Amino acid sequence: MALDVTASIEIAASPDTVAAYEFEPANDPSWIGAVNTTERLTASPIGRGSRVRRLGAFLGRPIEWIMEIVEITPARRLQMHAIKSPFPMDVTYELGPSPTGTTARIRIRGEASGMYGAMGPLTPWIVRRSLLADLGRLKRVVEARQ
């Protein structure tokens with residue numbers, strides 16, 4: 001089942017400030033609900049070709065996924081491709097200036113399969129709800145750090 005879900009939120013901080021936190025994999029467990037731990041598989045700094053392993057759970061099931069950065073524009077865009085995941089996916093973080101600070105957007109595209117594909121039309125709704133919760137945590141964390 002094809003999946004293409006986008007969610008966004010306004011954050012009262014500059015794109016540079018948001019990117020410094022959001023684009024750093026070590027911070028993932030603090031704002032991505034499905035992530036318990038991360039491990040860099042390539043050396044710092046984060047850039048094209050960098051890989052990160054994430055361990056966590058989604059819908060009550062343990063998952064491991066490895067994301068590779070395929071595109072990065074400092075303080076604006078980070079695009080990742082899943083090397084290993086429950087289903088093939090691409091994840092894009094986009095940041096843009098807004099009157100209140102930054103519009104933060106996350107897009108997930110992929111081909112939901114297995115248990116995720118079997119949920120049919122519920123899958124996009126569940127993924128969007130998860131992304132909105134993640135963005136809400138990102139907003140709280142970034143704004144509290146200012």
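Now for a quick tour of the structure. (Residues numbered from 1 in each chain as written. Predicted model: local features only at pLDDT ≥ 70, side-chain atom pairs only at ≥ 80, totals over all residues. Heavy atoms only, no water.)

### Regarding the pairing of strand β5 (residues 77–84)
Here strand β4 (residues 61–73) pairs with β5 via seven bridges, running antiparallel. Bridged to E68 within β5 is H81. Hairpin connection between β4 and β5: a loop of three residues separates the two successive antiparallel strands, and A75 in this loop has a positive phi of roughly 60 degrees. The sheet contact formed by β5 and strand β6 (residues 89–98) spans five bridges and is antiparallel. Looking at the pairing, H81 lines up with D90 of β6. Linking β5 to β6, which pair antiparallel, is a turn of four residues. (Pairing = 2+ DSSP bridges. Helix = DSSP H or I, 4+ residues; strand = E, 2+ residues; numbered from the N terminus.)

### Quick notes on empty space enclosed by the protein
The tally for this structure, following the rule as stated, stands at two cavities of 30 Å³ or more. A volume near 380 Å³ is recorded for the largest cavity. In terms of lining, the largest cavity is formed by 21 residues, of which the most central are A34, F58, W65, M89 and I108. At the level of elements, β3 (51–58), β4, β6, β7 (101–111) and α4 (122–144) are the ones that each hand at least two residues to the lining of the largest cavity. In terms of residue count, the dominant contributor to the lining of the largest cavity is α4 (five residues). (1 Å grid on protein atoms, 1.4 Å probe; cavity = no way out; pocket = protein on both sides within 12 Å on 5 of 7 lines; lining within 4 Å. Points joined across faces, edges and corners; volume = space filled by probe spheres on them.)

On their own, these measurements won't tell you what the molecule is for.
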